[in-house]
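Structure at a glance
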Amino acid sequence: MKSANPIFTHPAIQLLSKCKTLNTLNQVHGHMITTGLALHTYPLSKILLSSSDLELTYAHTIFDHIQNPTVFLFNTLISSVITNHRSQTHLAFSLYNRIILSGDDKLKPNCFTYPSLFKACRSQPWVRYGSVLHAHVLKFLEPGFDRFVQASLLNFYANCGKLGVARYLFEQINKPDLATWNSLLTAHARNASASDGGIKDADSCLSLEVFRLFNEMQNSLIRPNEITLVVLISACADLGALYQGMWAHAYVIRHRLKLNCYVGTSLINMYLKCGCLGQAYQTFDKLPQRDTSCYNAMIGGFAIHGYGQKAFQIYEKMRIVGILPDNITFNVSMFACSGVGLVDEGCKVFESIKEFYGIEPTLEHYGYLVDLLARAGRLQDAEKRIKEMPMKPNATLWRSLYAGARIHGNVAIEKVALKHLLELEPETSDNYVFFSNMYARVNKWEYVNRVRKAGS
DNA sequence: ATAGGGTTAG
């Protein structure tokens, strides 16, 4: 019997994954160089993975010292950059270029090279490289390349709104698997909600198409998983299709799918969109685990349905149970308070951003704060906040102040707000209308005063 | 024996 190749079972490799600091990793690496282990792709890929987790530049340095790295090693580093260091995406593309421009006949991209690169192409500024990569796929890979490449290509086109291309690519995949079906469903759901504000009929068709595709998927005997149901439930929310949504909820339970945070959040949202606040809360309450998104959905739900106090209570509960809020949490919580005039609660949310969570409030947070104060008639406070904020106030902020001043009859502040509005948006005709309305009102009062004086 | 695709909230 042949014994296992010692390269794969060397104890140093086991040690690598246990390294918690660069220093220890460095020692193991040194050891691997002296034993000659660092000449082989397998141990090298392990070093690259471990080091890129700790410090990407270190991994890069190691990579640069490898003579004639194989595609395998390129792929290892490229995917590590894209999945763990998204802000460094440019490094992944420069690695890819090194493969392409190497001039080495033996070094060619393979099926493993492309999926993570297409994933990177889903956000700016990398979107324009998608079609370049597509051309490379056709050039470098054998026709009928594997389903991972096909699925990532499909996702890329769906992401930039080219649903037709995505569908065409799907047609070419024989026996699509679960992830591929989920990609196609997601493509439709994403484009249904992305074109918000467009033609409503066309939007709904895409969500209806999700229903149809779900049936087709079931006929093909691929069993839906949690991700499938999240997409289906989102389509129900989009259509306001309560009964289909309840069916999907029952499906999750009947098929013993996990009621995870994704599924939970989409169900909460679906019930809220369908007007069922009680059902939404019950779902929220029964979830085995809740993350920030679940809380955001529920707070937003109470806000929409006019229960500011409840929304605020949920916000406070997050602190007690130790779920960290994010920027959206702060926005929806203040919005909830603003809607029903809970000024003190709303201010408490704003103060907690910095005081309790140590986060610097954003322009948007100031926007909600000013809206809250202005609507409640605390115009001096609102103006003061605008003047003291660390960044330049935008037109939305001044518009909130204007609206509050207008409603509460404070002409002086109304004037200040309008002046800034006109300055920031000289092209917007609405602002001039507001301005002339104000003068019309003021002049009328002067007229009234004159009449009064003349009469006395 | 190591590298790759699909999910939520305003």
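Residues numbered from 1 in each chain as written. Chains lettered and ligands numbered in written order. Predicted model: local features only at pLDDT ≥ 70, side-chain atom pairs only at ≥ 80, totals over all residues. Heavy atoms only, no water.

**Structural notes on the packing of aromatic side chains**
Two descriptors summarise a pair of aromatic rings, namely the distance from one centre to the other and the angle between the planes of the rings. Going through the model one piece at a time under the given rule, you end up with 22 aromatic pairs. A centroid spacing of 6.4 Å and a plane angle of 80° characterise the contact between Phe335 and Tyr368, whose relative ring orientation is edge-to-face. Of this pair, Phe335 sits in helix α20 (residues 327-339) while Tyr368 sits in helix α22 (residues 363-375), placing them 33 residues apart in sequence. Accessibility expressed as a relative area gives 24% for Tyr368, which makes it partly exposed. By the ring-pair criterion, three or more aromatic residues cluster together here, those being Tyr96, Tyr114, Phe118, Phe156 and Tyr157. Here Arg290 stacks its cationic end above the ring of Phe284, 5.1 Å away from the centre of that ring. When the ring centre of Phe356 is taken as origin, the NZ or CZ atom of Arg319, which lies over that ring, is 4.5 Å away. (Phe/Tyr/Trp six-rings, centres within 6.5 Å; stacked < 30°, edge-to-face > 60°. Helix = DSSP H or I, 4+ residues; strand = E, 2+ residues; numbered from the N terminus. Buried < 20%, exposed > 50% of the residue type's maximum accessible area, 1.4 Å probe, protein only. Lys NZ or Arg CZ within 6 Å of the ring centre and 35° of its normal.)

**Some remarks on the packing of helix α23 (residues 379-388) against helix α24 (residues 395-407)**
The angle between the axes and the distance between the axes are what describe a pair of packed helices. Put simply, α23 and α24 touch, their axes get as near as 10 Å, and they point 165° apart. Considering their axes alone, α23 and α24 lie roughly antiparallel with respect to each other. The crossing of α23 and α24 is left-handed. Contacts between α23 and α24 involve Leu379, Ala382, Glu383 and Ile386 from the former and Leu397, Trp398, Leu401, Gly404 and Ala405 from the latter. (Axes fitted to C-alpha atoms, helices over the stretch in contact; angles between N-to-C directions. Parallel < 35°, antiparallel > 145°, perpendicular 65-115°, else oblique. Left-handed = near helix turned anticlockwise from the far one by under 90°. Contact = heavy atoms within 4.5 Å.)

**So, the protein's contact with DNA strand B**
Neighbouring DNA strand B are 41 residues, the closest being Asn75, Asp146, Asp177, Thr180 and Asn182. Atoms of DNA strand B within 4 Å of the protein: sugar and phosphate make up 33%, bases the balance. The side chain of Asp146 places a nitrogen or oxygen atom 2.2 Å from a base nitrogen of DNA strand B. Taking Asn296, its side chain carries an N or O atom lying 3.3 Å from a base nitrogen of DNA strand B. Among the elements that line the surface near DNA strand B, the one with the most residues is helix α12 (residues 178-194), at seven residues. Each residue belonging to the surface near DNA strand B can be placed in one class, and the counts come to 16 nonpolar, 16 polar and nine charged. (Near = heavy atom within 4 Å. Polar contact = N/O pair within 3.5 Å; in protein donor to acceptor, adjacent residues only side chain to side chain. Nonpolar A, V, L, I, M, F, W, Y, C, P; charged D, E, K, R; others polar.)

**Some words on the side chain of Asn182**
As for its placement among the helices and strands, Asn182 is situated in helix α12. Ignoring any residue separated from it by four or fewer positions in sequence, one finds Asn182 in contact with Met217, Asn225, Ile227 and Thr228.

**Focus: the environment of Ser436**
Relative to the helices and strands, Ser436 resides in helix α26 (residues 429-455). In sequence terms Ser436 and Ala311 are 125 residues apart; their C-alpha atoms lie 39 Å from each other.

**Considering the UniProt feature "repeat: PPR" (unreviewed entry) in chain A**
Listed under "repeat: PPR" (unreviewed entry) in the UniProt record, and renumbered for this structure, are residues 291-325. Across residues 291-325 one finds 77% helix and 0% strand; the C-alpha atoms that close the span lie 9 Å apart. (UniProt positions renumbered as here; feature names shortened; annotations may be inferred.)

**Looking at helix α3 (residues 22-34)**
Relative to the 18 Å expected for 13 residues at 1.5 Å per residue, α3 spans 18 Å between its end C-alpha atoms, a close match to the ideal helical length. Those residues of α3 lying buried are Leu25, Val28, His29 and Met32. Along the long axis of α3, the arc covered by the buried residues comes to 105°, so they all point the same way. Exposed and oriented more than 90 degrees from the buried face of α3 are Asn23, Gln27, Ile33 and Thr34. For α3, the elements touching its buried residues are α2 (11-16), α4 (41-54) and α5 (56-64). In the segment just after α3, Gly36 is the residue with positive phi, at about 85°. (Expected span 1.5 Å × (residues − 1). Arc of directions from axis to C-beta.)

**Focus: helix α19 (residues 308-321)**
In this model α19 runs 20 Å from its N-terminal to its C-terminal C-alpha over 14 residues, within 8% of the 20 Å that 1.5 Å per residue would give. For α19, the full list of buried residues reads Gly308, Ala311, Phe312, Ile314, Tyr315 and Met318. Mapping the buried residues of α19 onto a view down its axis gives an arc of 155°, with all of them on the same face. Structurally, α19 contributes buried residues whose contacts are with α17 (277-286), α18 (292-304), α20 and α21 (343-355). Taken from the residues just after α19, Gly322 is the one with a positive phi, measuring 80°.

**Comments concerning the packing of helix α10 (residues 147-159) against helix α11 (residues 163-171)**
At their nearest, the axes of α10 and α11 sit 7 Å apart, and the two run at 160° to each other. Relative to α11, the element α10 is oriented roughly antiparallel. In the crossing of α10 with α11, the sense of the turn from one axis to the other is left-handed. Along its contact with α10, which presents Leu153, Leu154, Tyr157 and Ala158, the element α11 presents Val165, Ala166, Leu169 and Phe170.

**So, the pattern of salt bridges**
Within this structure, the stated rule accounts for 14 salt bridges. Between Arg147 and Asp177 there is a salt bridge whose closest N-O contact spans 2.7 Å. In this pair, Arg147 sits in helix α10 while Asp177 sits in the loop between α11 and α12, placing the two residues 30 residues apart along the sequence. Of the residues examined, Asp177 reaches a relative accessible area of 23% and is grouped as partly exposed. For Glu383, the salt bridge is made with Lys387, and the minimal N-O distance between the two is 3.3 Å. Note that Glu383 and Lys387 are positioned in helix α23 at a spacing of four residues, about one turn of the helix. On the accessibility criterion, Glu383 (15% relative accessible area) is buried. A relative accessible area of 64% means that Lys387 is categorised as exposed. (Salt bridge = Lys/Arg side-chain N within 4 Å of Asp/Glu carboxyl O.)

**Overview of unusual backbone geometry**
Cis peptide bonds are those with omega within 30 degrees of zero, and the linkage from Gln124 to Pro125 qualifies with 0°. Positionally, Pro125 belongs in the loop between α8 (114-120) and α9 (130-140). Its identity as a non-glycine residue notwithstanding, Lys175 has a phi of 50°, on the positive side. Note on Lys175: relative accessible area 78%, which makes it exposed. A positive phi angle is found at Leu221, which is not glycine, with a value near 70°.

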